[in-house]
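Architecture at a glance
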Amino acid sequence: MTATVDNAQTAAEPANLLDPVIDDVIRPQAPIVDRDGAFPRPGVDALAAAGLLGLASSTEVGGGGHGMRTVAGVIERLAAECGSTAMVVLMHYAATAVIEAHGPRDVRAAIAAGDHLTTLAFSEYGSRSHFWSPTGTASAAAAADDTVLLEARKSWVTSAGEADSYVWSSLPLTREAGPMTLWLVPAGSPGLSVTGDFDGLGLRGNGSRPMTADGLRVPAAAMMAADGAGLDTALGAVLPWFLVLNAAFCLGLADSAVTEAGRHLTRTTLTHTGAALRDAPVTRRDLARLMIRTDALRAFLGDTLTALETGRDDAMLRVLQVKALAGETVAEVTDGAMQLCGGSAFRKELGLERRFRDARAARVMAPTTDALHDFVGRVATGLPLLDEANR
């Protein structure tokens, strides 16, 4: 398992493109996105216009050609400002990894140009967070038109109804072929529908809603990789991007919570004593603990990226570990920041309660922290990542 290595010159470019988008659009829109549960279309469009949706696309099709380290840096920056926008873009990059490997050139070029938003459609009502066990079916339609019929009830699809395409999982056409097949499903396909709303605790604007395929027909050419090879593609192409970018997402939330807590402790004084909140040794100690936890996650994420870039033997282990560590870290850090800032943290002005709510998703987003702990234990003891019965 390896990742594209960014050089110093190209790694600096996205930051210059991202700054004005954050300042002018994403930061001002973040409270509105959260309050209204609104999809962050202005931010996504601004990122597209800046060329950032094509960041991970190959230069061969006009993309940025950047590797995972630079892309993770973008997700970290976005998450610090707006968790919903960061999650939409995270899922776009994870789906792009599959499309770059197996998708048609015209879609790859559209993504590279910023004209196409994509996402993953893996989780299903029947198997919930066990994305590796789809229950939706694929079957040959009328032989004369060379199409495939998809039937499924997807439980959570980020950017549902907003994306231009969905990297869609199903059982294979031929049951003996393998456990999963992946398809590129265009938005607006007859038989594809959004079947619910999202009014959640956090990430309120990421458009994560259920979708249904009811008599959904796609061309046989929409298959990505071979029939039955979808799980290998998901584990080899999607999972590293998804887990590493999730860790960057958590890091952005945690770091911004620590920064905001430090700012509040510094500028808030007690009128009756004249002392700032930071003047209390216990308060400084607690802030330091949150900083150390956050910096430890940053170091672990950096090591994970290095392992991928250099093809280290422990790269897969690091990838599995990093989201598990990140999910627990961001939950503890945002909780600690809330406690440090007291009643002020419960008000909207600081943005801490929003980050606290957004941080809760990391533990339960598939693969969940519990599942990752099992995966790590399996790898550490020489077992296959999944039981054959689950493949």
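I will try to describe carefully the structure that is included in this document. Keep in mind that this is a model prediction, so the values were computed, not measured.

Within the chain, the secondary structure is distributed over eleven helices and eight strands. For 391 residues, the compact-globule formula gives about 21 Å, and the C-alpha radius of gyration of the chain, at 21 Å, lands near that figure. Taken along its principal axes, the extent of the C-alpha atoms in the chain is 85 × 45 × 40 Å. Scored against the burial criterion, the 391 residues of the chain give a buried share of 55%. Intrachain contacts of the chain at a sequence separation of at least 6 include 73% that bridge at least 24 residues. In the structure as shown, the chain presents an accessible area of about 15,800 Å², 53% of it carried by carbon and sulfur atoms.

This brings us to the layout of surface pockets. Roughly 670 Å³ of internal volume is contained in the largest pocket. What lines the largest pocket is a set of 30 residues, and nearest its centre among them are Trp156, Ser208, Val364, Met365 and Ala366. Every element with two or more residues in the lining of the largest pocket is listed here: α4 (83–102), β1 (118–121), β3 (147–157), α6 (230–267) and α10 (361–364). Here the lining of the largest pocket gets four residues from one element, more than from any other, and that element is α6. Residue composition of the lining of the largest pocket, by class: 20 nonpolar, seven polar and three charged.

Strand order across the open sheet formed by four strands is β2-β3-β7-β6, with antiparallel pairing between neighbours. Either end of the sheet is taken by a strand with one partner, and the two such strands are β2 (137–140) and β6 (192–194). On average, each strand axis in the sheet is inclined to that of its neighbour by 10°, with strand direction left out of account. Bridge analysis of β2 against β3 gives four bridges, and the strand direction is antiparallel. Bridge assignment links Thr137 to a residue of β3, and that residue is Glu151.

Rules behind the numbers
Residues numbered from 1 in each chain as written. Predicted model: local features only at pLDDT ≥ 70, side-chain atom pairs only at ≥ 80, totals over all residues. Heavy atoms only, no water. Helix = DSSP H or I, 4+ residues; strand = E, 2+ residues; numbered from the N terminus. Rg over C-alpha atoms; globule rule 2.2 N^0.38 Å. Buried < 20%, exposed > 50% of the residue type's maximum accessible area, 1.4 Å probe, protein only. Contact = heavy atoms within 4.5 Å. Areas by Shrake-Rupley, 256 points an atom, 1.4 Å probe, with all protein chains shown as cover. 1 Å grid on protein atoms, 1.4 Å probe; cavity = no way out; pocket = protein on both sides within 12 Å on 5 of 7 lines; lining within 4 Å. Points joined across faces, edges and corners; volume = space filled by probe spheres on them. Nonpolar A, V, L, I, M, F, W, Y, C, P; charged D, E, K, R; others polar. Pairing = 2+ DSSP bridges. Axes fitted to C-alpha atoms, helices over the stretch in contact; angles between N-to-C directions.

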